[in-house]
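# What the coordinates show
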Amino acid sequence: MKSAGKERMVESECAPASGRKQMFTGSARKLRDTAADWHNLMLKWERLGDEGSAAATRIVNLSVSKRAEKDVDITAEDDTSFVNERSGSHAELDKDLQDGCNELMNILEKMAHIVFKMEKISSSVKGVCALEKFQQEQGRSSVSPLFQTWPVTRFDEVSSKLYESYKQELALKQTIVKEIAHTSDPDLLLVYLSSWLHQPYIEDNTKLLLESLLLETMHRTL
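The shown structure was predicted, so the numbers you read here are calculated from the model rather than taken from an experiment. (Residues numbered from 1 in each chain as written. Predicted model: local features only at pLDDT ≥ 70, side-chain atom pairs only at ≥ 80, totals over all residues. Heavy atoms only, no water.)

## Re the pattern of salt bridges
Condition: By definition here, a salt bridge exists when the distance from a side-chain nitrogen of Lys or Arg to a carboxyl oxygen of Asp or Glu is within 4 Å. By definition, any uninterrupted DSSP run of H or I lasting at least four residues is a helix, any uninterrupted run of E lasting at least two residues is a strand, and each is numbered from the N terminus.
Taken as a whole and judged by the stated rule, the model has 9 salt bridges. Between R29 and D33 there is a salt bridge whose closest N-O contact spans 3.0 Å. Taken together, the residues span about one helical turn, with R29 and D33 both in helix α1 (residues 26-75) at a distance of 4 residues. Among the salt bridges present, the one from D156 reaches K126, with a minimum N-O distance of 3.2 Å. Taken together, the residues D156 in helix α3 (residues 152-180) and K126 in helix α2 (residues 80-137) connect sequence positions 30 residues apart.

See the structure below:
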């Protein structure tokens, strides 16, 4: 997963190429602010994803070590002194494994809170777009684009797609966290770890949607 640590948050206002800050009002201002919110929440998600990857990697390594020690114990179960010596090592592994799981659960809770905020943003955008479309149909608002080229319905489409992607990815990560601590099969553990790292529901198209949204709302310039 690509780290987003060096990227900066998007401001709710930005200066165009001329150097003069452009002000927006009404629906345009609301949609532009939500574009910045999308960017900032996605950055936070990536940072948490990196932290989760590190925690999940530790859990996998500890689980593999624990299984290896159990295999050693089986071959030496008649040696009482050896078994007693290894019990302390098992206890330490169990503690480290529990600490890793707790850390991953805390990260997941923060990611769930981000998706909750994304849901609120998507709902807000839907309301703004519905109001703007109604006003246009009633002749109370111009039918020309609020920014550059997008019709108002496009903002709703993009926000909905972004939210659904992260909603599905969160559900996958919840399954991973639920299963990863209770799995001893090394191959299955690697599948869980790979799934966390690659985030199959957050495709490259998701980032392209965000970039197009930032370009349309003039947070980005070509």
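Having seen it, we continue.
## Digging into unusual backbone geometry
How we decide: Each residue's exposure class comes from its accessible area (1.4 Å probe, protein chains only) as a fraction of the maximum for that residue type: buried when under 20%, exposed when over 50%, partly exposed otherwise.
Within the chain, Q199 stands out as a residue other than glycine whose phi angle is a positive 45 degrees. Among the residues examined, Q199 registers a relative accessible area of 8% and is labelled buried. For M218, which is not a glycine, the phi torsion comes out positive at approximately 70 degrees. When you line up the elements, M218 lands in the segment after α5 (204-216).

Read these as spatial facts, not as claims about activity.
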